[in-house]
Amino acid sequence: MSRKYFGTDGVRGKVGEAPITPDFVMRLGYAAGKVLVAAEHESMHGERPVVLIGKDTRVSGYMLESALEAGLTAAGVDVRLTGPMPTPGIAYLTRALRLQAGVVISASHNPYDDNGIKFFSASGSKLPDEIELAIEAALDEPMKTAPSKGLGKVKRLDDAAGRYIEFCKSTFPNDMDLRGMRIVVDCANGAAYHIAPPVLHELGADVIAIANEPDGFNINHACGATHPETLARAVRKHKADLGIALDGDGDRLMMADANGEIADGDRLLYAIARHLKEHGWLKGGVVGTLMTNLGTETALRALGCDFRRASVGDRYVLEMLKEHSWHLGGETSGHILCLDKHTTGDGIVSALQVLEALCRSGRTLADTMRDCPIFPQILINVPVAKGFKLNGQPEISQSVTEVETELGDSGRVVLRASGTEPLIRVMVEGRDEAQVNRCATRIADAVRAVAGA
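Visitor: Lay out the sheet that holds strand 2 (residues 50-55) in plain terms, naming residues and giving numbers.
Guide: Taken in spatial order, the six strands of this open sheet run 1-5-4-2-3-6, and their pairing is mixed. On the outer flanks of this sheet lie strand 1 (11-14) and strand 6 (154-156), each paired with one strand and no other. Adjacent strand axes in the sheet meet at a mean angle of 20° when their direction is disregarded. Pairing between strand 1 and strand 5 (residues 114-121): four bridges, direction antiparallel.

In structure tokens, the structure reads:
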């Protein structure tokens, strides 16, 4: 059964346009509530299911939170509210508090006028496909509000931030601290603005926080993991040892060394894998994606690490990790999964794993990056009409075939549709930067000619 509303990361879109409207989100809350009531009926011993709702700092979060509350409580589900909270924080709290589900109102790294809804199961993992499909099916049914005695209630979880801060700190070794280290942390004016700085400070670091004053409109604006150049400038300005940049919902991570050179998700994945491999703690191999740089794969294999590529999207990385019973994987964009620490990607937790690797080895982040050379890789995002399909486009297929023939065994081409935006992503990678640029432009031009928005 194909999905109508759920993408690779929940339901997402521009606020005020379907499906991110108050009426739809209320119906989504109701449908999710009805599915959860049915799924948890026997295990609840007559008690109502409880769902946790968190959000990032977008101004639309207030409206959508109220709509979700209305739908869930109408279905007979109790609600707990955290206010602004990173996505992985909701995953953790849902599991820790033994609740039936968690919901995050966020569009992650997107601009402020987008928003979205994503769900976590009781185990703190993204909902299985069958549950998402059941929710979509329930959306087609009319709302029938529970009788007054069966309506859900809403309470605020006042200690949510403190609980999550302590969890993050618990993933860093008790016998280590960050004293003597100056760290810039860019909070992207997002959900981690009141979480990441205290975590690092309480572990002993001298913390310089930037983009930590959200106003509802400045989330991800020229800051955070999607604009790491801001972090790089701040690291150099404050003469810091390194910098950490998160995205709007706190599940992506980029870092910068003392010189301001950016370490993306590929290099950070390598840093963690190397540390675990050297200490005999790496379980199995490492999972990347189709976008993972060929240089990272080469460096990992030089360490003796098995490496596999999943489709793009952290849910597919997670699926492959579970399939192989491994625990480390990630994406170039900064989603890193450390399943020995958390059930989902967590920017703060991943940063702490990199910091542990640096502290134990005595290496700097710059040292680690030198050991993981990056091959030239060009990514071009081509806007397309909503619903455009890549399959069956001979002009585009021909351009890809020509480029693959030119690159031979020394490069790769990845052409895919974004799972969250109306874009076709064109990625070309190889050893010669000029050739890579030329080839990527050729394919992007072919896409624009056929499907340009």
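Read on, since the account is not over.
Visitor: Explain the packing of aromatic side chains to me, using residue names and the numbers behind them.
Guide: Under the definition given, this model contains five aromatic pairs. On the numbers, 4.2 Å between centres and 15° between planes, the contact of Y92 with F167 is stacked. Placement of the pair is Y92 in helix 3 (residues 87-96) and F167 in helix 5 (residues 160-170), with a sequence separation of 75 residues. For the pair Y92 and F167, one class covers both residues: buried. When the centroid spacing of 6.3 Å and the interplanar angle of 20° are considered together, the rings of Y164 and F167 count as stacked. Of the two residues, Y164 and F167 are both situated in helix 5; the distance of three residues between them amounts to about one turn of the helix. For the pair Y164 and F167, a shared accessibility class is recorded, and that class is buried. Feature note: the residues Y92, Y164 and F167 constitute an aromatic cluster, connected by ring pairs.

Visitor: Describe the side chain of R58, naming the residues involved and giving the relevant values.
Guide: Along the polypeptide, R58 turns up in the loop between strand 2 and helix 2 (61-74). R58 sits in the buried class, given a relative accessible area of 1%. Within polar-contact distance, the side chain of R58 engages the backbone oxygen of D114 at 3.4 Å. Other than its neighbours up to four places away in sequence, R58 contacts S106, A107, S108, H109, N110, P111, Y112, D114, N115, G216, I219 and N220.

Visitor: Go over the environment of L423 with me, naming the residues and quoting the values.
Guide: If you trace the backbone, L423 turns up in strand 18 (residues 423-430). Remark: the alpha-carbon pair of L423 and C223, spanning 200 residues in sequence, is separated by 22 Å.

Visitor: Describe in detail the pairing of strand 17 (residues 411-417), supporting the description with residues and values.
Guide: Most of strand 17 sits inside the fold, with five of its seven residues counted as buried. In this sheet, strand 18 lies alongside strand 17 in antiparallel orientation, the contact comprising seven bridges. Bridge assignment links G411 to a residue of strand 18, and that residue is G430. Where strand 17 hands over to strand 18, the hairpin turn is made up of five residues, counted between the paired strands.

Visitor: So what's going on with the nonpolar core? Which residues, and what values?
Guide: Of all hydrophobic cores here, the largest spans 61 residues; its most connected members are L178, I183, L200, I244, L328, I348 and L355. By residue number, the principal contributor to this core is helix 11 (residues 347-361), which donates seven residues. Setting aside residues no more than four positions away along its own chain, L200 makes contact with L178, I183, V185, A205, V207, I244, L352 and L355. Counting residues in hydrophobic clusters, the runner-up holds 28 residues, among them V25, L28, A67 and I117.

Visitor: So what about the pattern of salt bridges? Which residues, and what values?
Guide: This structure, assessed with the given rule, holds 33 salt bridges. Across the pair K118 and D9 runs a salt bridge, and its minimum N-O distance is 3.2 Å. Of this pair, K118 sits in strand 5 while D9 sits in the segment before strand 1, placing them 109 residues apart in sequence. Across the pair, D9 and K118 agree in class, each one buried. Taking the shortest distance from any N to any O, the salt bridge between R179 and D177 comes out at 2.6 Å. R179 gets classed as exposed once you look at its relative accessible area, which sits at 64%. The exposure class assigned to D177 is partly exposed, which follows from its relative accessible area of 32%.

Rules and cut-offs
Residues numbered from 1 in each chain as written. Predicted model: local features only at pLDDT ≥ 70, side-chain atom pairs only at ≥ 80, totals over all residues. Heavy atoms only, no water. Pairing = 2+ DSSP bridges. Helix = DSSP H or I, 4+ residues; strand = E, 2+ residues; numbered from the N terminus. Axes fitted to C-alpha atoms, helices over the stretch in contact; angles between N-to-C directions. Phe/Tyr/Trp six-rings, centres within 6.5 Å; stacked < 30°, edge-to-face > 60°. Buried < 20%, exposed > 50% of the residue type's maximum accessible area, 1.4 Å probe, protein only. Polar contact = N/O pair within 3.5 Å; in protein donor to acceptor, adjacent residues only side chain to side chain. Contact = heavy atoms within 4.5 Å. Core = buried A, V, L, I, M, F, W, Y, C linked by side-chain atoms within 4.5 Å. Salt bridge = Lys/Arg side-chain N within 4 Å of Asp/Glu carboxyl O.

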